[in-house]
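Spelled out, the chains give:
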Amino acid sequence: MGERLLMKGAEAIAEAAIRAGAQIFFGYPITPQNETPEYFSRRMPELGRKYVQAESEVASINMVYGAASTGTRVITSSSSPGISLMQEGFSYIGNSNVPCVVVNVMRGGPGLGNIAPAQADYFQATKGGGHGDYHSIVLAPHTVQEQCDLMYDAFELAEKYRIMVVVLSDGLLGQMMEPVEFRDWVDVSKFKTPDWAIVGKGDRQRNLISSFDLEPEGLEKMNLALQEKYKKIAENETRYELFMMDDAEYALTGFGTVARIMKTTVKMLRENGIKAGLIRPITVWPFPYKVYEEFADKVKFFFDVEMNEGQMLEDVKLGVNGKKPVQFYGRFGGVVPTAEEIYKAFRLHLGGC
């Protein structure tokens, strides 16, 4: 870690991607992440790398697909409506086994919505979003610093498994300013073109990257290979944080920005004699089901808080597997709950149990 800098989240994540070795950025403007492509547009040419503002989100994700097929470290960023436009490209990339990174700075919805922070893209990100049976690795940071740290991991995971990695941020993390420290620069001069990449045939066997097989048996074979890859990812790459869970009698849970706020709620509960803790998934796909199953034998109930209708709630309940009650509190449309508000909601559920 090096110099400590005060940076806006949307700019810091771009700088982290650059230091992590991003060679090409494709994108199209949309608030509240416009500072990300703007930052790339200035920094990438300074380093002899490429920045392209596409004519639309549909174009940008297909440009990502093409560049990723050459084995190049490539990234795009957008916000909720723009990510929706990219979903066909997500599916094509998913079945083509090419690595790339996508940043989604979520905003209020549905529809055009607003530019306030929300978490209602959870289903879209973790259940596929596009057509067909596919997944992306989905990382959910809760601070600007963690956004930066996870950007390095995102490229490494993308290349390790030849998969899309989605960094699921939101408008609050994109627009707030916090001190950050960046890891060392990745030495891009040491990058080697992978043997599967499309870079011109030369004197070797022809490489083929395809997202389909017109024969049902062939397409099923592709799907089965994907499922084996996803199984391996679920076994090896699940990440989570436990906050004050050592002696917890109650488990609060949330992801991203809300989990950050909930840490204050947990401290408030502790100050009032209630042994509460927090389970924070960092990978929301693959989801850390096992940790919920383990704590279901230790706590009295779970309390899930999200800025949506309870999309992660389904995964929490799957992990708990009916062993203990799972309560929920949510806000919609870009409304961010306060720590005090969550505290009061928890106390209401506590009184009813």
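Just above sits the structure.
These numbers were taken from a predicted model, which means no experiment stands behind them.

Details of the nonpolar core
- Ranked by internal contacts, the top residues of the largest apolar core, which has 86 residues, are Ile75, Phe90, Ile137, Met151, Tyr292 and Phe302.
- In terms of residues, this core owes the most to one element, helix H7 (residues 144–161), which gives ten residues.
- Counting 23 residues, the second-largest nonpolar core is a separate cluster that includes Leu252, Ile261, Leu269 and Met307.

A few points about the packing of aromatic side chains
- Evaluated as defined, the whole model comprises eleven aromatic pairs.
- Ring centres of Tyr292 and Phe302 lie 6.2 Å apart, and the angle between their planes is 40 degrees; on these two criteria the pair is classed as tilted. In this pair, Tyr292 sits in helix H11 (residues 289–295) while Phe302 sits in strand E13 (residues 301–306), placing the two residues ten residues apart along the sequence.
- Each member of the aromatic cluster is reached from another via a ring pair, and the members are Tyr250, Phe301, Phe303 and Phe346.

Digging into the packing of helix H1 (residues 9–19) against helix H2 (residues 35–46)
- At a minimum axis distance of 8 Å, the contact between H1 and H2 shows a crossing angle of 40 degrees. With respect to H2, the axis of H1 lies oblique. With respect to the hand of their crossing, H1 and H2 are arranged in right-handed fashion. Residue-level contacts link Ala10, Glu11, Ile13, Ala14, Glu15, Ala17 and Ile18 of H1 to Glu35, Thr36, Tyr39, Phe40, Arg43 and Met44 of H2.
- Per-class residue counts for the contact of H1 with H2 are eight nonpolar, one polar and four charged.

Observations regarding empty space enclosed by the protein
- A complete count under the given rule lists two cavities of 30 Å³ or more for this structure.
- Quantified by volume, the largest cavity comes out at close to 50 Å³.
- Along its surface, the largest cavity is lined by Gly71, Thr72, Arg73, Val74, Pro99, Cys100, Val101, Phe155, Ala158 and Glu159.
- Secondary-structure elements contributing two or more residues to the lining of the largest cavity are strand E5 (100–106) and H7.

So, the side chain of Ser60
- With respect to the element layout, Ser60 can be found in helix H3 (residues 57–68).
- One polar contact links the side chain of Ser60 to the main-chain carbonyl oxygen of Glu57, over a distance of 2.9 Å.
- With sequence-adjacent residues up to four places away left out, Ser60 is seen in contact with Phe26, Gly27, Ala54, Thr76 and Met86.

Examining the layout of surface pockets
- As a volume, the largest pocket reaches approximately 370 Å³.
- If you trace the largest pocket, you find 18 residues lining it, with Ala234, Thr238, Phe287, Tyr289 and Lys290 closest to the centre.
- Sorting the residues of the lining of the largest pocket by element identifies helix H9 (216–236), strand E12 (283–285) and H11 as the ones contributing at least two each.
- Here the lining of the largest pocket takes four residues from H11, the largest share from any one element.
- Its residues assigned to classes, the lining of the largest pocket shows nine nonpolar, three polar and six charged.

Re the pattern of salt bridges
- Counted under the stated rule, the structure contains 19 salt bridges.
- Taking the shortest distance from any N to any O, the salt bridge between Glu178 and Arg260 comes out at 2.1 Å. A residue pair is termed long-range when its members are at least 10 positions apart, and Glu178 in strand E8 (residues 177–181) and Arg260 in helix H10 (residues 256–271) qualify at 82 residues.
- For the salt bridge of Lys323 with Asp297, the shortest nitrogen-to-oxygen distance reads 3.6 Å. In this pair, Lys323 sits in the loop between helix H12 (311–320) and strand E14 (326–330) while Asp297 sits in the loop between H11 and E13, placing the two residues 26 residues apart along the sequence.
- The class of Lys323 is partly exposed, set by a relative accessible area of 36%.
- Here the residues in one salt-bridge network are Glu15, Arg19, Arg42, Arg43 and Glu46, joined through shared partners.

Cut-offs and rules
In every chain, residue numbers begin from 1 and rise along the written sequence. The model is predicted, so local features are restricted to residues of pLDDT at least 70 and side-chain atom pairs to those at 80 or more, both for listing and for counting; the totals for chains, interfaces and linings are taken over all residues. As a rule here, side-chain values cover all heavy atoms of the structure and leave hydrogens and water aside. Within this scheme, the nonpolar core is defined by two criteria: the residues are buried Ala, Val, Leu, Ile, Met, Phe, Trp, Tyr or Cys, and they are joined through side-chain atoms within 4.5 Å. Exposed residues in this analysis have more than 50% of their type's maximum accessible area, buried residues have under 20%, and partly exposed residues fall in between, with area computed by a 1.4 Å probe over protein chains only. Per the convention used, a helix needs a DSSP run of H or I reaching at least four residues, while a strand needs a run of E reaching at least two, with both numbered from the N terminus. Working definition: rings of Phe, Tyr and Trp (its six-membered ring) pair if their centres are within 6.5 Å, and the pair is stacked with planes under 30 degrees apart, edge-to-face with planes over 60 apart, and tilted otherwise. To define axes, lines are fitted to C-alpha atoms, for helices over the stretch in contact only, and angles between the resulting N-to-C directions are given on a 0 to 180 degree scale. Each angle is binned into one of four classes, with values under 35 degrees roughly parallel, values over 145 roughly antiparallel, values of 65 to 115 roughly perpendicular, and all other values oblique. Each crossing gets its handedness from the near helix: less than a right angle anticlockwise from the far helix is left-handed, clockwise is right-handed. Two residues form a contact once any of their heavy atoms are found within 4.5 Å. Only Asp, Glu, Lys and Arg are considered charged in this grouping, and only Ala, Val, Leu, Ile, Met, Phe, Trp, Tyr, Cys and Pro are considered nonpolar; every other residue, Gly among them, is considered polar. Method remark: on a 1 Å grid restricted to protein atoms, a set of points is classed as a cavity if a 1.4 Å probe fits but cannot get out and as a pocket if it is open with protein on both sides within 12 Å along at least five of seven lines; lining residues have an atom within 4 Å of a point. Grid points are joined across faces, edges and corners, and a volume is the space filled by probe spheres set on the points. In protein, a polar contact means a hydrogen-donor-capable atom and an acceptor-capable atom, both N or O and within 3.5 Å, with residues adjacent in sequence counting only if both atoms are side-chain atoms; elsewhere, any N or O pair within 3.5 Å suffices. One side-chain nitrogen of Lys or Arg within 4 Å of one carboxyl oxygen of Asp or Glu is enough to make a salt bridge.

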